Amino acid sequence: MAEPLAETTGQFVSDVISKSTHLNHLKQVQSFLVVAGLSHSPFLCFKLLRFSTLRLSNISYARSIFDRFSYPNTHLYAAVLTAYSSSLPLHASSAFSFFRLMVNRSVPRPNHFIYPLVLKSTPHLSSSPFSTPLVHSHLFKSGFHRYLVVQTALLHAYASSVSHIPLARQLFDEMSERNVVSWTALLSGYARSGDISNAIALFDEMPERDVPSWNAILAACTQNGLFVEAVSLFGKMVDEPDVFPNEVTLVCVLSACAQTGNLRLAKEIHAFAFRRSLSSDVFVSNSLVDLYGKCGNLVEASSVFKTANKKSLTAWNSMINCFALHGRSEEAIAVFDEMMNKEDIKPDHITFIGLLNACTHGGLVTKGREYLDLMTNRYNIEARIEHYGCLIDLLGRAGLFDEALEVMVGMKMKPDEAIWGSLLNACRKYGHLKLAVVAVNNLVALNPNNGGYISMMANLYGEMGNWEDARRARKMIKHQNAYKTPGCSWIMIDSKVNQFYSLDKSHPKSEEIYMIIDSLMSLGHLGEVLDFSISPD
């Protein structure tokens, strides 16, 4: 009799809570169940737990419901674990502790539903780096390691931690059955650890590729600086049958495209997004603004920004940064002023980095000081090293070295390469050689293997007539195997992006390219000779 009554009451409870939106409603239903003698029904308790977590997002109250239950079954454990694992990394520790509680009680035993849920949390437990191996050991003893869903969850947990990538690979190789999720999990792990060569090799071996796997390799290339390769892979993805790029795909490829500065390709991808009805997505829209800004097409960037259905803070920041990047200081400030009129948008630290950059490019010293003050005093945003870097650059460009040094002394953190570098550039501009030597010495101390800094040091000593120190600096380059970061450029020819580094000979047609450059240089020299030899008559 109890079971039919529980089922009938369950339908009634479902109808009531489906129309409820408040914790008090849930408490009233609980009171009703207590009076009806059904407060210990696993079926009804499960419904209350789901309502508390899904509708109210109140995990703590859901846990209190669970704790009052004398003999919880696997479904109730799974409901609480699902709630914890859906709120990571905030509740990672709670999820793992809850799993240990289940193990210690011994009844019921964790099963193939429980293990994947707790394995979602283990990569987020930085204080317990061996939590994933511990769960692995437990599920191996229980025999659930043979289930594909458990194996895949375990692989994903190992692949989510850089230190556990070798274990992820070992597990992957031992799997008797693999699906596209397993392949993508390991691929993402390689990408996360910066092992791009293994990520690409694994992608090439994949027997089946879905959209998430394509997105994973695109993100891997973009995050590791292989922008040309990312754009090329996107072209292959578009040609794949039954594979349709989504919003994540476009955000990845637009980011790569922005780094190459290829405006033609930018427009092609924008058109593709428009045809697939993806251009209105807030993340795609933000990426398009950033892309057009970096490509120098501020008209198109403004157009995308203005037509966006919903302007997030990221969109406003992107537009401010676009104008700041190209020295359009007044427009950047105007966008900020417009943003301040919106009640639902408040600036963050990135907003003020853009504003300070705009002030730097426009030489707006007073405005720069005002914005830093506004950020710290009105919005209670603590100044980061990027903000100090912008302000010091602004003051240095204006020749206000004393104030720039005061800012550096008052910083809570030590100056980084960007700050010393901006100060060095200002010193060279104004001929402040003594301070320039201090700046370059600090740059060399921060990065002793950067040959560019040591070369600048030698040049500065030479300008001061200190030839002995100049020779000593040049010897440092040889003794320390110092390097100089090469310049890089891209050019698109016949729909293919070609990438070149300074003194680079890796291009398959490098010999022909250098021959043509030599010919052009010879022609240029001949032209100079002819110009001098021909009389004005």
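What you see is a predicted model, and the numbers here were worked out from it, not measured in a lab. (Residues numbered from 1 in each chain as written. Predicted model: local features only at pLDDT ≥ 70, side-chain atom pairs only at ≥ 80, totals over all residues. Heavy atoms only, no water.)

Bringing the layout of surface pockets into the picture now. Where empty space is left in the structure can be found by rolling a water-sized probe over the atoms. Roughly 240 Å³ of internal volume is contained in the second largest pocket. Counting residues per element, the ones that place at least two in the lining of the second largest pocket are helix 8 (131-142), helix 9 (148-159) and helix 10 (165-174). Residue classes in the lining of the second largest pocket are distributed as 8 nonpolar, 5 polar and 1 charged. (1 Å grid on protein atoms, 1.4 Å probe; cavity = no way out; pocket = protein on both sides within 12 Å on 5 of 7 lines; lining within 4 Å. Points joined across faces, edges and corners; volume = space filled by probe spheres on them. Helix = DSSP H or I, 4+ residues; strand = E, 2+ residues; numbered from the N terminus. Nonpolar A, V, L, I, M, F, W, Y, C, P; charged D, E, K, R; others polar.)

Another point: the nonpolar core. Ranked by internal contacts, the top residues of the largest apolar core, which has 160 residues, are Leu49 and Leu250. Setting aside residues up to four positions removed in sequence, leucine 49 forms contacts with Ala62, Ile65, Phe66, Leu76, Ala79 and Val80. (Core = buried A, V, L, I, M, F, W, Y, C linked by side-chain atoms within 4.5 Å. Buried < 20%, exposed > 50% of the residue type's maximum accessible area, 1.4 Å probe, protein only. Contact = heavy atoms within 4.5 Å.)

As a further point, take the packing of helix 3 (residues 42-55) against helix 4 (residues 59-67). Interaxial distance between helix 3 and helix 4 falls to 8 Å at its minimum, and their mutual angle equals 165°. In terms of axis orientation, helix 3 runs roughly antiparallel to helix 4. Once helix 3 is placed against helix 4, the crossing between them reads as left-handed. Contact residues: helix 3 offers Cys45, Leu48, Leu49, Ser52 and Thr53, while helix 4 offers Tyr61, Ala62, Ile65 and Phe66. Here the residues of the contact of helix 3 with helix 4 sort into 7 nonpolar, 2 polar and no charged. (Axes fitted to C-alpha atoms, helices over the stretch in contact; angles between N-to-C directions. Parallel < 35°, antiparallel > 145°, perpendicular 65-115°, else oblique. Left-handed = near helix turned anticlockwise from the far one by under 90°.)

Moving on to the environment of glutamate 331. Counting through the fold element by element, glutamate 331 comes out in helix 20 (residues 329-340). With 11 residues separating them along the chain, glutamate 331 and isoleucine 320 place their C-alpha atoms 7.9 Å apart. For glutamate 331, the side chain forms a polar contact with the side chain of arginine 328, separated by 2.8 Å. (Polar contact = N/O pair within 3.5 Å; in protein donor to acceptor, adjacent residues only side chain to side chain.)

Along helix 12 (residues 196-205), the residues classified as buried are Ile196, Ala199, Leu202 and Phe203. Mapping the buried residues of helix 12 onto a view down its axis gives an arc of 125°, with all of them on the same face. With respect to the buried face of helix 12, the exposed residues turned more than 90 degrees away are Ser197 and Asp204. Elements in contact with the buried residues of helix 12: helix 10, helix 11 (180-192), helix 13 (211-223) and helix 14 (227-239). (Arc of directions from axis to C-beta.)

Inspection of the secondary structure assignment puts asparagine 297 in the loop between helix 17 (282-295) and helix 18 (298-307). Among the polar contacts listed, one links the side chain of asparagine 297 to the backbone nitrogen of glutamate 300, at a separation of 3.0 Å. What asparagine 297 contacts, discounting residues up to four positions off in sequence, is Leu263, Lys267 and Tyr292.

Below, the discussion takes up the packing of helix 26 (residues 433-446) against helix 27 (residues 451-463). For the pair helix 26 and helix 27, interaxial distance at closest approach is 9 Å and the crossing angle is 155°. Compared by their axis directions, helix 26 and helix 27 come out roughly antiparallel. Between helix 26 and helix 27 lies a crossing whose hand is left-handed. Residues Leu433, Ala436, Val437, Val440, Asn441, Leu443 and Val444 of helix 26 form the contact with helix 27, whose own contacting residues are Tyr453, Ile454, Met456, Met457, Leu460, Tyr461 and Glu463.

Here the focus is the pattern of salt bridges. In this structure the tally under the stated criterion is 9 salt bridges. Aspartate 67 is the partner of arginine 63 in a salt bridge, and the nearest nitrogen-oxygen pair spans 3.0 Å. Highlighted residues: arginine 63 and aspartate 67, both in helix 4, separated by 4 residues, approximately one helical turn. A salt bridge links arginine 169 to aspartate 173; the shortest N-O distance between them is 3.2 Å. Remark: aspartate 173 and arginine 169 occur in helix 10; sequence separation between them is 4 residues, near one turn of the helix. Owing to a relative accessible area of 24%, arginine 169 belongs among the partly exposed residues under this scheme. (Salt bridge = Lys/Arg side-chain N within 4 Å of Asp/Glu carboxyl O.)

For aspartate 393, the location among the structural elements is in helix 23 (residues 385-397). Using a relative accessible area of 16% as the deciding quantity, one classes aspartate 393 as buried. With near-sequence residues (within four places) excluded, aspartate 393 lies in contact with Thr360 and Ser422.

Further remarks concern helix 10. Of the residues making up helix 10, those classed as buried are Ile165, Ala168, Leu171 and Phe172. Across the axial projection of helix 10, the buried residues extend over an arc of 120°, all falling on one side. Residues of helix 10 that are exposed and point more than 90 degrees away from the buried face comprise Pro166 and Glu174. Among the structural elements, helix 9, helix 11 and helix 12 are those in contact with the buried residues of helix 10.

Turning to the environment of serine 127, a few remarks are in order. Tracing the sequence through the fold places serine 127 in the loop between helix 7 (114-121) and helix 8. In this structure the C-alpha to C-alpha distance between serine 127 and serine 93, which are 34 residues apart in sequence, comes to 9.3 Å.

Residues with a pLDDT of 70 or more make up 90% of the protein chain, whose mean pLDDT is 87. Every residue in residues 526-537 scores below 50 in pLDDT, and together they form 0 contacts with partners more than four places removed in sequence or on other chains. (pLDDT = per-residue confidence, 0-100.)

The next point concerns unusual backbone geometry. Note that the residue after leucine 88, namely proline 89, is joined by a cis bond; omega there is 0°. Among the structural elements, proline 89 can be located in the loop between helix 5 (74-85) and helix 6 (92-105). Residue proline 108 follows valine 107 across a cis peptide bond; omega there is -5°. Structurally, proline 108 can be placed in the loop between helix 6 and helix 7. Positive phi outside glycine occurs at serine 106, with the angle close to 70°. Within the fold, serine 106 resides in the loop between helix 6 and helix 7. Relative accessible area serves as the criterion here: at 31%, serine 106 is assigned to the partly exposed category.

This brings us to the packing of aromatic side chains. Following the criterion strictly, the structure yields 15 aromatic pairs and no others. Aromatic side chains phenylalanine 66 and phenylalanine 98 sit 5.0 Å apart centroid to centroid with 65° between the ring planes, which places their arrangement in the edge-to-face category. Of this pair, phenylalanine 66 sits in helix 4 while phenylalanine 98 sits in helix 6, and the two are 32 residues apart along the sequence. By relative accessible area, phenylalanine 66 is classed as buried at 1%. Given the relative accessible area of 1%, phenylalanine 98 is considered buried. (Phe/Tyr/Trp six-rings, centres within 6.5 Å; stacked < 30°, edge-to-face > 60°.)

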